[in-house]
Amino acid sequence: MATTKKKIAVSAKKQAQSNTSMPGKSKNFATAPINESLSNKEKIDLYRTIVGIRRFEERSLRAYNQGKIGGFLHLYIGQESVAAGIVSLMGKDDHIITAYRDHGHALAVGMSMNECMAEMYGKHTGCSKGKGGSMHFFAPDKNYWGGHGIVAGQTPLGAGLAFALKYKGLKGCALTFLGDGAVNQGSFMETLNLASLWDIPVVFVIENNGYSMGTSLKRSSAAENLAHRAEGFDMEWEVCDGHDVYEVREVANRAMTRAREKHKPFLLEIRTYRYRGHSVADANHEKYRTKEEIEEYKRTKDPVNVIKRQLLDDGTLTEDEAKRIDQEKKDEAEASAKFAEDSPVAPRGEIQTDVYWEVDNDTEGNLKGRYFFND
Ligand SMILES: Cc1ncc(C[n+]2csc(CCOP(=O)(O)OP(=O)(O)O)c2C)c(N)n1
Ligand SMILES: [Mg+2]
């Protein structure tokens, strides 16, 4: 017992060091080595990514309300700095997988607005040929493995990506994103156990936006600190705030470096917020939280405003440049809606192609159960 208590005390201290929301704590993450080494262009690129996600999401909301997009639409507005910060740390051997709130991660890895918007319009020019929609963006060429609708269903898959890295002797990590609601799924618990048991380089990133659909964290999880559960699996963990992209980068860099170099899993909890309802169809979003709560986050922690202020203050960006980039991203999002509108749907004959069973169908690898190991 004594050992366990000691361990928890050490971890709680570690959390306090990295979490700016802790009372009496304020740390300038811009001066952390991983951020100080950024060139001006790289800093502006972070801003560009964050603004790009925001403008894309706003344009897709309009398209949804115009009836152009079917199914669900889960917007990432308010959380942009999380995906932008973490993806900016990815190297060629790193992989990423997430849930259905997947647009931000997709744009951050470099997918085009055109292929993403067209996917939501159900068009053949979409990244999944219009057969996946908003929840199923994919770009294997960018190590982006989707886009998954079953809550926590992507977590064992993320561990699988990490297992493959270790198996192949590659020094990469598998970034596996999930929500605060997903942490209570059995599959996630089983995945944590195996990831630790097998020492695989997976970084679980809990994007804790405080709600799972209309259920607040307090009503769904017995303990408020979600990453702390890692202790039960003998795994490292940290908690940080997500509105400052520099903080996200500083903490995630530690987790990713450890995973890559030591082949060890890590559980990272990032506290963030979503402005919109669970999905656009969620008309009740003002019933489970107050308008004031949303406005307070917007006023003090909006990811777009936070990075813009930082770059204006340190002289990296001018107001004019910031406006120009913003307009560029609005235009790009507008053009993507036109591209999607003008694109054709999939030809009738292709309706059954590209579905999962065909990936390894009729291959030698499938017979041996080794298709994904290039053997
Ligand atoms: C296994 C399973 N159960 C229930 C659902 C319905 N569902 C979709 S999203 C969601 C809430 C998940 O919330 P969270 O993990 O916090 O992610 P967020 O939407 O906040 O990004 C639920 C219950 C589902 N898709 N899959
Ligand atoms: Mg959530």
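For the structure itself, look to the data block above.
Conventions used here
Residues numbered from 1 in each chain as written. Chains lettered and ligands numbered in written order. Predicted model: local features only at pLDDT ≥ 70, side-chain atom pairs only at ≥ 80, totals over all residues. Helix = DSSP H or I, 4+ residues; strand = E, 2+ residues; numbered from the N terminus. Rg over C-alpha atoms; globule rule 2.2 N^0.38 Å. Buried ≥ 20, exposed ≤ 12 C-beta atoms within 10 Å, placed from the backbone. Contact = placed C-beta atoms within 7 Å. Near = placed C-beta within 6 Å. Nonpolar A, V, L, I, M, F, W, Y, C, P; charged D, E, K, R; others polar. Axes fitted to C-alpha atoms, helices over the stretch in contact; angles between N-to-C directions. Parallel < 35°, antiparallel > 145°, perpendicular 65-115°, else oblique. Left-handed = near helix turned anticlockwise from the far one by under 90°. Core = buried A, V, L, I, M, F, W, Y, C linked by C-beta atoms within 7 Å. Pairing = 2+ DSSP bridges. Right-handed = clockwise from strand over helix to strand, strands pointing away.

S.K.: What is the right way to look at the overall build of the protein chain in this model?
M.R.: Looking only at helices and strands, the protein chain features 14 helices and seven strands. The C-alpha radius of gyration of the protein chain comes to 20 Å, within 12% of the 21 Å expected for a compact globule of 375 residues. Its C-alpha atoms give the protein chain principal-axis dimensions of roughly 65 × 60 × 45 Å. The 375 residues of the protein chain split such that 43% are buried. Once local pairs closer than 6 in sequence are excluded, the contacts in the protein chain between residues at least 24 apart make up 75%.

S.K.: Explain the site of ligand 1 to me, please; I cannot follow it from the model alone.
M.R.: Near ligand 1 you find 13 residues, and of these Val151, Gly179, Gly181, Ala182 and Ser212 are the closest. Residue classes in the shell around ligand 1 are distributed as five nonpolar, six polar and two charged.

S.K.: Just to check I follow, could you spell out the packing of helix α3 (residues 40-65) against helix α12 (residues 303-313) for this structure?
M.R.: The geometry of a pair of packed helices is captured by two quantities: the angle between their axes and the separation between those axes. Running from N to C, α3 and α12 point in directions that differ by 155°, and their axes come no closer than 10 Å. Classified by the angle their axes make, α3 and α12 are roughly antiparallel. For the pair α3 and α12, the sense of crossing is left-handed. Taken together, the residues of α12 that come into contact with α3 (itself represented by Lys43, Leu46, Tyr47, Ile50, Val51 and Arg54) are Pro303, Val304, Ile307, Lys308 and Leu311.

S.K.: How do you make sense of the nonpolar core when you look at a structure like this?
M.R.: What tends to happen in soluble globular proteins is that the nonpolar side chains get buried as a cluster. One finds Ala162, Val202, Val203 and Leu268 to be the most contacted residues of the largest nonpolar core, which totals 88 residues. Excluding its chain neighbours within four sequence positions, the residues that come into contact with Ala162 are Cys173, Ala174, Ala195, Ile200, Pro201 and Val202.

S.K.: I tried to follow the pairing of strand β3 (residues 202-208) on my own but got confused; where do I start?
M.R.: On any regular strand, side chains alternate: one points to one face of the sheet, the next to the other face. By the criterion of burial, β3 is predominantly enclosed, with seven of the seven residues buried. A two-sided burial pattern is seen for β3, the buried positions comprising Val202, Phe204, Ile206 and Asn208 on one face and Val203, Val205 and Glu207 on the other. Two elements, strand β2 (residues 174-179) and β3, share six bridges in a ladder whose sense is parallel. Paired with Ala174 across the strands is Val202, a residue of β3. Pairing of β3 with strand β7 (residues 266-271) involves six bridges; the strand directions are parallel.

S.K.: What is the right way to look at the sheet that holds β3 in this model?
M.R.: Hydrogen bonds between backbone atoms are what pair the strands of a sheet, whose relative direction is either parallel or antiparallel. Ordered in space as β1-β2-β3-β7-β6, the five strands form an open sheet in which the pairing is parallel. A strand with exactly one partner marks an edge of an open sheet, and here the two such strands are β1 (95-97) and β6 (236-241). On average, each strand axis in the sheet is tilted by 20° relative to the strand beside it, whichever way the strands run. Here three bridges tie β1 to β2, and the two strands are oriented parallel to one another. If you follow His95 over to β2, its bridge partner there is Ala174. In the packing of helix α7 (residues 154-168) onto the sheet, the strands contacted are β1, β2 and β3, and the crossing angle to β2 comes to about 170°.

S.K.: Just to check I follow, could you spell out the packing of α3 against helix α4 (residues 80-87) for this structure?
M.R.: Two numbers describe how α3 lies on α4: the axes approach to 9 Å, and their chain directions differ by 140°. The angle between α3 and α4 places the two elements in the oblique class. Judged by the sense of rotation from one axis to the other, the crossing of α3 with α4 is right-handed. Counted together, Leu46, Thr49, Ile50, Ile53 and Arg54 of α3 and Glu80, Ser81 and Ala84 of α4 form the full contact between these two elements. Tallied by class, the residues present in the contact of α3 with α4 amount to four nonpolar, two polar and two charged.

S.K.: Sorry if this is basic, but what is going on with unusual backbone geometry here?
M.R.: Non-glycine residue Lys129 carries a positive phi angle of around 55°. On the secondary structure map, Lys129 appears in the loop between α6 (113-120) and α7. Positive phi is not limited to glycine here, since Asn143 has a value of about 60°. Its location among the elements puts Asn143 in the loop between α6 and α7.

S.K.: Sorry if this is basic, but what is going on with the pairing of β6 here?
M.R.: The buried count for β6 comes to six of six residues, which makes it a mostly enclosed element. Here β6 shows two buried faces, one formed by Glu236, Glu238 and Cys240 and the other by Trp237, Val239 and Asp241. In this structure, β6 lies alongside β7, joined through six bridges in parallel fashion. Paired with Trp237 across the bridge in β7 is Leu267. The parallel pair β6 and β7 is bridged by helix α10 (residues 245-262), and the resulting crossover is right-handed.

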